[in-house]
Amino acid sequence: MSFTNFSDLATQREGLLTERSIHNADCVVMVPPKEFCYNAETAVDNEFMHKVDLTSEQVRAKAMNEFHAMVAGLQLEGVQVIEFDYPPGDIETPDAVFPNNWFSTTLQGDLYVFPMACDNRQEEVRSDDLISALNASGRRVVAQDSLVGYAKQNAFLESTGVMVKDHVNKTIYAALSQRCDREVLEDYASRIGYRVISFQTVLPSGQPIYHTNVMMAIGEEFCVICDEVIPEFERRYVVKELAKTKQVISISLEQMNQFCGNIVQLENCRSDKVIAMSRSAFDAFTPAQRNQLSVHGKLLPFNVSTIESIGGGSVRCMLGEVFLPNKIK
């Protein structure tokens, strides 16, 4: 499978990098949930989704209120938010509010696009429109690369949904599943020069975790992980690798179900660290765990109960990190 040779673009990238964190994005993409609803396609392997006794209009109104409150809250803290709106197509995209599953960016100016496992989620991929929105917001895309061709082989890799990245140590942690194919994972890691630590997971139902980012999150100097869902022979290795450079905060299965693993460390325009999470996650952390996390950034809880209950994803899923360089220093 062919891809762009990024080494030819070194001169375009020269001077683009600013004095920013290697690990934390200071800008995020968020997509309004205007077509949000229970997605029967993704519910096949997402055990975090629940049906509710509300009309579609009520669901979308609640979801939009949660979305706008989260945008405002992040902006108030000094995090740049790019609201990426889109015109409705012939096929509805109920999970478009979770943009982190179809693209990722790098500090060098690269934009990668990934193969999504569900047909109606593949409709979310709008690379040209995203680039226009990024450019309009002062972020520069130097090069593009795509792995979507793997979808023809029924091989999928849903970006930072299935890959939890330790940018400091150039390592990707990934729970293998239908949405995280080992071959595609290794291909992507080789393109960006990261190593891979992949592992199996088992829920009480016997099924694997659908996305790694509901069971673990990695910050600059900490990690939150529900390690009990990893088989013991792999669990020891994963935790040992994390503990080499991170403070490991272990969460229970019950806490994972409240999305304690679906959090993300960001930076604001003043380079202050913040940790975004849902209100349900904040409440489920023990006081001791909240104290541990607060050492690594201001805790920002957002009420996204409608989105996380129906959509099976929470705050971290709603944020597509933007590491791209600023056009103007």
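Each chain has its residues counted from 1, following the order in which its sequence is written. The predicted origin of the model limits local features to residues at a pLDDT of at least 70 and limits the giving and counting of side-chain atom pairs to 80 or more, whereas totals for whole chains, interfaces and linings rest on all residues. With hydrogens and water set aside, each side-chain value is computed from the structure's full complement of heavy atoms.

All right, on to the side chain of Lys165 then. In this description a helix means any DSSP run of H or I spanning at least four residues, a strand means any run of E spanning at least two, and both kinds are numbered starting from the N terminus. When you line up the elements, Lys165 lands in strand β6 (residues 163-166). Relative accessibility decides the category of a residue: with a 1.4 Å probe and only protein chains considered, values under 20% of the type maximum give buried, values over 50% give exposed, and everything between is partly exposed. Only four residue types enter the charge count: Lys and Arg as positive, Asp and Glu as negative, with His and the chain ends excluded. A carboxyl oxygen of Asp or Glu within 4 Å of a side-chain nitrogen of Lys or Arg is what we treat as a salt bridge. Buried charge Lys165 goes without a salt bridge, the closest partner of opposite sign being Glu321 at 7.1 Å. In protein, a polar contact means a hydrogen-donor-capable atom and an acceptor-capable atom, both N or O and within 3.5 Å, with residues adjacent in sequence counting only if both atoms are side-chain atoms; elsewhere, any N or O pair within 3.5 Å suffices. At 2.6 Å, the side chain of Lys165 and the side chain of Tyr188 are in polar contact.

Okay, the sheet that holds strand β13 (residues 273-278) next. When DSSP finds two or more bridges between two strands, those strands count as paired. With mixed pairing, three strands are arranged side by side in an open sheet as β12-β13-β14. Each edge of the open sheet is held by one strand with a lone partner, namely β12 (264-267) and β14 (298-302). When the angles between neighbouring strand axes are averaged without regard to direction, this sheet yields 30 degrees. Direction of pairing for β13 relative to β14: parallel, over a ladder of five bridges. Bridging across to β14, Val274 finds its partner in Lys298. Fitted lines through C-alpha atoms give the axes, limited to the stretch in contact for helices. The angle between two N-to-C directions lies from 0 to 180 degrees.

Quick look at a negative patch on the surface now. Judged by side-chain charge, Glu41, Asp90, Asp119 and Glu123 come together as a negatively charged surface patch. Along the chain, the position of Asp90 falls in the loop between β2 (80-83) and β3 (103-105). Each patch is assembled from residues with relative accessible area greater than 30% and no salt bridge, linking like charges that lie within 9 Å and nonpolar side chains (Val, Leu, Ile, Met, Phe, Trp, Tyr) that lie within 5 Å. Only the protein chains shown count as covering a residue, and every accessible area follows the Shrake-Rupley method with a 1.4 Å probe. Each charge is placed at NZ for Lys, CZ for Arg, CG for Asp and CD for Glu.

One open sheet holds the three strands; their spatial order is β9-β10-β11, and the pairing between them is mixed. Of all strands in the sheet, those bounded by a partner on one side alone are β9 (216-218) and β11 (247-250). Strand-to-strand twist across the sheet, computed as the mean angle between neighbouring axes with direction ignored, equals 15 degrees. Pairing between strand β10 (residues 222-225) and β11: four bridges, direction parallel. Within β11, the residue paired with Cys223 across the bridge is Val248. Any two residues whose heavy atoms approach within 4.5 Å are treated as being in contact. Sheet strands touched by helix α10 (residues 287-294): β10 and β11. Its angle to β11, the strand with the most contacts, is close to 150 degrees.

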